[in-house]
Amino acid sequence: MAASVLKTSMKAKSPDFEKNHRRIIDLLTKIKNEEEQILQGGGAKAIESQHKKSRLTARERIAKLIDPGSHFFELGIFAAYEMYQEWGGAPSAGTITGLAKVCGRTMMLIANDATVKAGAFFPMTAKKVIRAQNIAIENHIPTIYLVDSAGVFLPLQEDVFPDTDDFGRVFRNNAVMSAMGIPQLAAIMGMCVAGGAYLPLMCDHILMTEGSGLFLAGPALVQAAIGQVTSAEDLGGAKMHSQISGTVDFREPDDDACIGRIRALVDKMGAANPSPFSHVTSREPLYPGDEIYGLFSSDPAKQYDMREIIARIVDGSEFEEYRSEYGETVLCGYARIGGWAVGIVANQKKHVQTLARGSDQKRMEFGGVIYTESAEKAARFILDCNQNRIPLVFLHDVNGFMVGKDAEWSGIIRAGAKMVNAVANSVVPKITVICGGSFGAGNYAMCGKAYDPRFMFAWPTAKFAVMSGDAAANTLAEIKLKQLEREGKKVDEKARKEMLENVKATYEHQTDPRYAAARLWVDAIIDPAHTRDALITALEAAALNPEIREFKTGVLQT
């Protein structure tokens, strides 16, 4: 039987297409400009200081480490965005993480940026490193650490040191990864101090450059603690650790030599176990990815056909839609992306006229809303993908579940619980892309961050929160007004309007994808036109883990 090729009805000259296109380009331009600023790390003076020590910056090291002509797929670039301003900020949380090819192998790279507060660990630094490690654990990705850090940022030590997602978890993950057989290499290319000294020692290979330091306590602290006077080199230099303590496997004269040695070691690694997921030769979509700019509408009041978006992501624009005439506000279907078989669960933003359940009465279903039928369909489809070892891709533009008497009578809560259960217990890789809105329980059912997607991406148009901005702002403003009235304070119409605008502005700021990326709720903000590339990178990484545990859902409310 012939594959189902998605057709397009795109009108490139239409006002809506041009308006959508301009809006996304404007958002992308703003985000790219901010990324360029973040890429400067601690700034020109800090970069110059690093070079004066005969050391490369973290980004220069990564550029030399990865395969020539290959791409560094950076994760968490907006980590700590607009945070720690009282301390001068911490661009990208003072550390760089991402996926790249090294000697043809997909590797996770974690590099301290010494231009940002000497590479010290802020609270978000620890969380970012842990997130990168968790991605490596879930996908069995070999990991390289480029260490150049002064240790914990002491003014914020209480938020860095003690909890399960804080500094100590990094070393715990080192040990777990080692036990799982996930290769880890650590190169000490600057300072490696205090608790941070344990990181390289938990890895398979330890490299160290001349002029670097590895010690539990630096010379000043040693003198204060036990009265011993010693130089940094004698206390924990590369020569000492290479010749006397036996801690270092390879002593290298400089960064370039160290990077060359890392590549030589990676080159000798054995091949990964075969992937259990179906993979064939990749084919390009029939339509250009940048047409997504005009086809996608971020206006909640506007409709668009999500099939048009899918057609620009999947191989050959082929999509085998599952139960296409049932539960139409959620699209489910099988496709390939970069040759990898995937199951796609996507919110449909077109309104649909259908028959009410159990009658011949016509009703309108609103796009972006999950109804009982669409939740049941999606749950069943997710079960099929797990049964057949097919990774899942979720495309979000969801307002939430339908509410009201009809919805409750139809069993919307039961159907939603079924979908959430299937997502929560899914054992195949899950990858989430937030295209537009991702609100309330719809975020959960569509595999939000709480449901362990292997990767979570967002478009510049993404917004997610417990409810949309207008609804939330009106609710919050009303609560404030009633509180003032109870206190006997009168609020005139001008003050009421001003309060509403202030509340709305705050709420809108918190639903911005950069706000989410700052807190690592998403792994990367991606260009919509490059969604396919991001998904291919994620699927290739997910395929490195050949283990799929037994699929069980527990109790389903039928």
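In what follows, the accompanying structure is described.

Each value, and the rule that gives it
Residues numbered from 1 in each chain as written. Predicted model: local features only at pLDDT ≥ 70, side-chain atom pairs only at ≥ 80, totals over all residues. Heavy atoms only, no water. Helix = DSSP H or I, 4+ residues; strand = E, 2+ residues; numbered from the N terminus. Buried < 20%, exposed > 50% of the residue type's maximum accessible area, 1.4 Å probe, protein only. Areas by Shrake-Rupley, 256 points an atom, 1.4 Å probe, with all protein chains shown as cover. Lys, Arg positive; Asp, Glu negative; His and termini not counted. Charge placed at Lys NZ, Arg CZ, Asp CG, Glu CD. Pairing = 2+ DSSP bridges. Polar contact = N/O pair within 3.5 Å; in protein donor to acceptor, adjacent residues only side chain to side chain. Contact = heavy atoms within 4.5 Å. Core = buried A, V, L, I, M, F, W, Y, C linked by side-chain atoms within 4.5 Å. 1 Å grid on protein atoms, 1.4 Å probe; cavity = no way out; pocket = protein on both sides within 12 Å on 5 of 7 lines; lining within 4 Å. Points joined across faces, edges and corners; volume = space filled by probe spheres on them. Nonpolar A, V, L, I, M, F, W, Y, C, P; charged D, E, K, R; others polar. Phe/Tyr/Trp six-rings, centres within 6.5 Å; stacked < 30°, edge-to-face > 60°. Lys NZ or Arg CZ within 6 Å of the ring centre and 35° of its normal.

**Focus on the overall build of the protein**
Step number 1: Looking only at helices and strands, the protein features 20 helices and 20 strands.
Step number 2: Burial statistics for the protein: of 558 residues in total, 53% are counted as buried.
Step number 3: Total accessible area computed for the protein in this model is approximately 25,000 Å², and 53% of it derives from carbon and sulfur atoms.
Step number 4: For the protein, the centre of its 63 positive side-chain charges and the centre of its 67 negative side-chain charges are spaced 3 Å apart.

**Some details on the pairing of strand E4 (residues 143-149)**
Step number 1: Within E4, 7 of the 7 residues are buried, which leaves it mostly tucked inside the rest of the structure.
Step number 2: Across the two faces of E4 the burial is the same, with Thr143, Tyr145, Val147 and Ser149 and Ile144, Leu146 and Asp148 all buried.
Step number 3: Sheet topology places strand E3 (residues 105-112) next to E4; 4 bridges connect them, and they run parallel. Looking at E4, one finds that Ile110 is bridged to Tyr145.

**Looking at the side chain of Ser149**
Step number 1: In this fold, Ser149 is placed in strand E4.
Step number 2: Judged by its relative accessible area of 6%, Ser149 falls in the buried class.
Step number 3: A polar side-chain atom of Ser149 sits 2.7 Å from the main-chain carbonyl oxygen of Gly119.
Step number 4: Beyond its immediate stretch of four places on either side in the chain, Ser149 contacts Asn112, Ala118, Gly119, Ala120, Phe121, Met191, Cys192 and Val193.

**Side note on the nonpolar core**
Step number 1: Among the nonpolar cores identified, the biggest contains 79 residues, and Ile310, Ile344 and Phe457 are the most heavily contacted of them.
Step number 2: Per-element tally for this core: the top contributor is helix H4 (residues 123-139), with 7 residues.
Step number 3: Among residues more than four places away in sequence, those in contact with Ile310 are Leu6, Phe319, Leu331, Ile344, Ala346 and Leu395.
Step number 4: Judged by nonpolar contacts, the second largest core, of 28 residues, contains Ile31, Ala90, Leu156 and Val522.

**Examining empty space enclosed by the protein**
Step number 1: Summed over all chains, the structure comprises 3 cavities of 30 Å³ or more.
Step number 2: Each pocket or cavity is described by its volume, and for the largest cavity that value is around 130 Å³.
Step number 3: Lining of the largest cavity is provided by 17 residues; of these, Asn112, Phe121, Val147, Ser149 and Leu199 occupy positions nearest its centre.
Step number 4: The set of elements that each furnish at least two residues to the lining of the largest cavity consists of E3, E4, helix H5 (167-179) and strand E5 (184-193).
Step number 5: Across the lining of the largest cavity, the residue classes break down as 12 nonpolar, 5 polar and no charged.
Step number 6: Here the second largest cavity defines a volume of roughly 60 Å³.
Step number 7: Leu75, Gly76, Thr97, Lys128, Arg131, Ala132, Ile135, Leu520 and Asp523 together form the lining of the second largest cavity.
Step number 8: Per element, the largest residue contribution to the lining of the second largest cavity is 4 residues, and it comes from H4.
Step number 9: A breakdown of the residues in the lining of the second largest cavity according to their chemical character gives 4 nonpolar, 2 polar and 3 charged.

**Describing the packing of aromatic side chains**
Step number 1: Summed over all chains, the structure comprises 15 aromatic pairs.
Step number 2: Seen from their ring centres, Phe78 and Tyr81 are 5.3 Å apart, and the 80° between their planes marks the pair as edge-to-face. For the residue pair Phe78 and Tyr81, the accessibility class agrees, reading buried in each case.
Step number 3: Taken together, the ring pairs connect Tyr84, Trp87, Phe122 and Phe153 into an aromatic cluster.
Step number 4: In this structure, Lys405 is placed above the aromatic ring of Trp409, and the distance from its NZ or CZ to the ring centre is 5.2 Å.
Step number 5: Arg519 extends its terminal NZ or CZ atom over the ring of Tyr515, reaching a point 3.5 Å from the ring centre.

**Description of the layout of surface pockets**
Step number 1: Its boundaries defined by the atoms lining it, the largest pocket holds a volume of some 710 Å³.
Step number 2: Around the largest pocket, the lining is made up of 25 residues, and of these His71, Phe72, Phe73, Glu74 and Ile526 lie nearest the centre.
Step number 3: Considering each element in turn, the lining of the largest pocket owes the most residues, 5 residues, to helix H1 (residues 15-38).
Step number 4: Considered class by class, the residues forming the lining of the largest pocket number 12 nonpolar, 4 polar and 9 charged.

**Overview of the pairing of strand E2 (residues 95-102)**
Step number 1: Counting buried positions over the 8 residues of E2 gives 7, a clear majority of the element.
Step number 2: Two strands pair when backbone bridges link them, and strand E1 (residues 73-75) and E2 are joined in this way by 3 bridges, in the antiparallel orientation. Bridge pairing in E2 links Glu74 to Gly98.
Step number 3: Of the pairings in the sheet, the one linking E2 to E3 comprises 8 bridges and is antiparallel in character. Residue pairing across strands places Ile96 opposite Ala111, the latter belonging to E3.
Step number 4: Between E2 and E3, which pair antiparallel and follow one another directly, the connecting turn spans 2 residues, one of which, Cys103, has a positive phi of 55°.

**Let's talk about the environment of Thr115**
Step number 1: Mapping Thr115 onto the fold places it in the loop between E3 and H4.
Step number 2: Along the backbone, Thr115 and Asp148 are 33 residues apart, and their C-alpha atoms lie at a distance of 9.7 Å.
Step number 3: Of the polar contacts made by the side chain of Thr115, one reaches the backbone nitrogen of Gly42; its length is 3.0 Å.
Step number 4: A polar atom in the side chain of Thr115 sits 2.6 Å from the side chain of Asp113.

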